[in-house]
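In case you want the letters, here they are:
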Amino acid sequence: NCRRLKAAGLVDKCFIYHNTMRALQWIESQRAVMYDATKRDWFLQYEDSAGRKNGTIYNAKSGAYDQYLWDYRNPEAAAYIVAATVNDTMSPYVDGSFTDDTHGMPDECEDCQQAIGMSEAQLVVYRNAVSLAGAKLIKELAAAGKGTIQGLESQYLYAPTDAAGCQSFMEKYT
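Cut-offs used in this document
- Residues numbered from 1 in each chain as written.
- Predicted model: local features only at pLDDT ≥ 70, side-chain atom pairs only at ≥ 80, totals over all residues.
- Heavy atoms only, no water.
- Helix = DSSP H or I, 4+ residues; strand = E, 2+ residues; numbered from the N terminus.
- Contact = heavy atoms within 4.5 Å.
- pLDDT = per-residue confidence, 0-100.
- Phe/Tyr/Trp six-rings, centres within 6.5 Å; stacked < 30°, edge-to-face > 60°.
- Buried < 20%, exposed > 50% of the residue type's maximum accessible area, 1.4 Å probe, protein only.
- Lys NZ or Arg CZ within 6 Å of the ring centre and 35° of its normal.
- Pairing = 2+ DSSP bridges.
- Core = buried A, V, L, I, M, F, W, Y, C linked by side-chain atoms within 4.5 Å.

K.L.:
Lay out the environment of Ile57 in plain terms, naming residues and giving numbers.
P.N.:
Secondary-structure assignment places Ile57 in strand β4 (residues 53–57). C-alpha separation for the pair Ile57 and Trp42, spaced 15 residues apart in sequence, amounts to 9.4 Å. If we skip the residues at most four places from it in the chain, Ile57 touches Arg40, Phe43, Leu44, Gln45, Tyr46 and Tyr68.

Written as structure tokens, this is what we have:
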């Protein structure tokens, strides 16, 4: 699509969408790991008060499609998300990634923390891991000559999440 948009003269830069909080069934690279039993710990699972996972993956379904939530506390999962996102941008027609849900849960999933049973202390650890992976993604994309909209200005390491801020951000950078 980026090749076609650029060939038609419709865009100078083309960024492709990646949701960094949710593993989306309809994306092939994500579906491949979502249903791999050896990767179960790559996703948020229901937890007890001590933070022990019970083995059941939390599924924030959208219609008929599964949407698991990445567990950035697992270094292998975080590395996979970064690598898969960078890999998706390797076309010479793609300039980078527009990453969405960059703060992780509970943004756009307000009831997830409570449903999973994640304590406030566990949430802090999780969100710190999300932040570290996001910073790594920006650096790895830059090393590959690609970018993220969130990396355009240092104060926008992550794009705003409120509607007015998001609209203003998109008007400025797109």
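K.L.:
Tell me about the confidence of the model for the chain, residues and numbers included.
P.N.:
Considering every residue of the chain, the mean pLDDT works out to 85; 89% of them sit at 70 or more. Per-element confidence in the chain is highest for helix α3 (residues 75–88), whose mean pLDDT is 94, and lowest for helix α6 (residues 163–173), whose mean pLDDT is 68.

K.L.:
Tell me about the packing of aromatic side chains, and name the residues and values.
P.N.:
The relative placement of two aromatic rings is captured by the distance of their centres and the angle of their planes. Following the criterion strictly, the structure yields eight aromatic pairs and no others. Here the aromatic rings of Phe43 and Tyr68 are separated by 5.3 Å at their centres, their planes lie at 70 degrees, and the arrangement is edge-to-face. Residue Phe43 is found in the loop between α2 (28–34) and β3 (45–47), and its partner Tyr68 is found in strand β5 (residues 67–69); the two are separated by 25 residues along the sequence. Like Phe43, the residue Tyr68 is buried in the burial classification. Within the aromatic cluster, the residues linked to one another by ring pairs are Tyr35, Trp42, Phe43, Tyr68, Trp70 and Tyr80. Over the face of the ring belonging to Trp42 we find Lys39, whose NZ or CZ atom lies 5.3 Å from the ring centre.

K.L.:
Explain the sheet that holds strand β1 (residues 15–19) to me, and be specific about the residues and the numbers.
P.N.:
With parallel pairing, the three strands of this open sheet are ordered in space as β1-β6-β7. Strands with a single pairing partner mark the edges of an open sheet, and in this sheet they are β1 and β7 (147–148). The sheet contact formed by strand β6 (residues 96–100) and β7 spans two bridges and is parallel. Residue pairing across strands places Ser97 opposite Thr148, the latter belonging to β7.

K.L.:
Could you give an account of the nonpolar core, naming the residues involved and the relevant values?
P.N.:
Of all hydrophobic cores here, the largest spans 31 residues; its most connected members are Phe43, Leu69, Trp70, Tyr72, Met105 and Tyr126. Of all the elements in the fold, those that place two or more residues in this core are α2, β5, α3, α4 (112–116) and α5 (120–143). Examining the composition of this core, we find that seven residues originate from one element, α5, more than from any other. Among residues more than four places away in sequence, those in contact with Leu69 are Met21, Arg22, Trp42, Phe43, Leu44, Tyr58, Met105, Cys109, Cys112 and Ile116.

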